[in-house]
Amino acid sequence: GGASASAEWTGKKLPWSSFSAVRLYYDDGRELNVSVGDCVCMHGDEEEPFIGAVVKLYEDSRGQKNVKTRWFFRQTDVSADLLEPLRGKLVPKDVFSSSSTDDNSVFFVVGVIKVAMLAQGAGEATVSV
């Protein structure tokens, strides 16, 4: 994905300067619609993009458009000791949900993806790109 040129709020206005959806316009001509609840790939310093679920879309006090994301972790991000009980049950694209969140510019979003939860409460999910 390329750098975003602009973004506009497209969803409902919610309390606390938040919104239900945003449309991103990329320099290469692509457009991407992102809504609260979507799972997204986000650009980072790593080779593979980060994967997260959109918890909130909001504007900060400077008018910057931001996304609060609840992160999924790849198997390479998880201690081998924690993965041991799952040995033989995982496939390479399996990721784990977490309670870890943080806020970034909406312009770090590079795509919307599907994440299917396989085991409720177990924190295991598969990414379908």
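Here goes a summary of the coordinates provided. Note that the structure is a prediction, hence the values are computed from the model and not measured.

What about the pairing of strand S4 (residues 21–26)?
In regular strands, side chains alternate between the two faces of the sheet.
Move 1: For S4 and strand S5 (residues 31–35), the ladder comprises 5 bridges, and the chain directions are antiparallel. The partner of alanine 21 across the bridge, within S5, is serine 35.
Move 2: Between S4 and S5, which pair antiparallel and follow one another directly, the connecting turn spans 4 residues, one of which, glycine 29, has a positive phi of 95 degrees.

Description of the nonpolar core
Move 1: Val22, Leu24, Val34, Leu57, Val67 and Val109 are the most contacted members of the largest nonpolar core, which has 16 residues in total.
Move 2: If you list the elements that add at least two residues to this core, you get strand S1 (4–9), S4, S5, strand S6 (39–42), strand S7 (50–59) and strand S8 (65–74).
Move 3: The element contributing the most residues to this core is S4, with 3 residues.
Move 4: Core analysis: the second largest hydrophobic core is formed by 8 residues, Ile51, Ala53, Phe72 and Val95 among them.

Brief notes about the packing of aromatic side chains
Move 1: Within this structure, the stated rule accounts for 2 aromatic pairs.
Move 2: Ring plane angle 5 degrees and centroid distance 4.2 Å describe the contact between tryptophan 9 and phenylalanine 19, whose orientation is recorded as stacked. Placement of the pair is tryptophan 9 in strand S1 and phenylalanine 19 in strand S3 (residues 18–19), with a sequence separation of 10 residues. Exposure class is identical for tryptophan 9 and phenylalanine 19. Each is buried.
Move 3: Centroid distance phenylalanine 50 to tryptophan 71: 6.0 Å. Interplanar angle 65 degrees. Geometry classified as edge-to-face. With phenylalanine 50 in strand S7 and tryptophan 71 in strand S8, this residue pair connects regions lying 21 residues apart in the sequence.
Move 4: For phenylalanine 50, a relative accessible area of 34% corresponds to the partly exposed category.

A closer look at the layout of surface pockets
Move 1: In this structure, the largest pocket encloses a volume near 240 Å³.
Move 2: Residue assignment for the lining of the largest pocket shows that the elements contributing at least two residues are S7, S8 and strand S9 (94–105).
Move 3: Looking at the lining of the largest pocket, the element that brings in the most residues is S8, giving 4 residues.
Move 4: Tallied by class, the residues present in the lining of the largest pocket amount to 6 nonpolar, 2 polar and 4 charged.

Re the pattern of salt bridges
Move 1: All chains considered together, the criterion is met by 8 salt bridges.
Move 2: Of the charged contacts in the structure, one is a salt bridge between glutamate 48 and arginine 74, with a shortest N-O distance of 3.3 Å. A residue pair is termed long-range when its members are at least 10 positions apart, and glutamate 48 in the loop between S6 and S7 and arginine 74 in strand S8 qualify at 26 residues.
Move 3: The closest approach of N and O atoms between aspartate 60 and arginine 62, which form a salt bridge, is 3.4 Å.
Move 4: Judged by relative accessible area, aspartate 60 falls into the partly exposed class, the value being 21%.
Move 5: The exposure class of arginine 62 is exposed, given its relative accessible area of 66%.
Move 6: Through salt bridges that share partners, Glu8, Arg23 and Glu31 make up one connected network.

Rules behind the numbers
- Residues numbered from 1 in each chain as written.
- Predicted model: local features only at pLDDT ≥ 70, side-chain atom pairs only at ≥ 80, totals over all residues.
- Heavy atoms only, no water.
- Pairing = 2+ DSSP bridges.
- Helix = DSSP H or I, 4+ residues; strand = E, 2+ residues; numbered from the N terminus.
- Core = buried A, V, L, I, M, F, W, Y, C linked by side-chain atoms within 4.5 Å.
- Buried < 20%, exposed > 50% of the residue type's maximum accessible area, 1.4 Å probe, protein only.
- Phe/Tyr/Trp six-rings, centres within 6.5 Å; stacked < 30°, edge-to-face > 60°.
- 1 Å grid on protein atoms, 1.4 Å probe; cavity = no way out; pocket = protein on both sides within 12 Å on 5 of 7 lines; lining within 4 Å.
- Points joined across faces, edges and corners; volume = space filled by probe spheres on them.
- Nonpolar A, V, L, I, M, F, W, Y, C, P; charged D, E, K, R; others polar.
- Salt bridge = Lys/Arg side-chain N within 4 Å of Asp/Glu carboxyl O.

These figures capture arrangement, not role.
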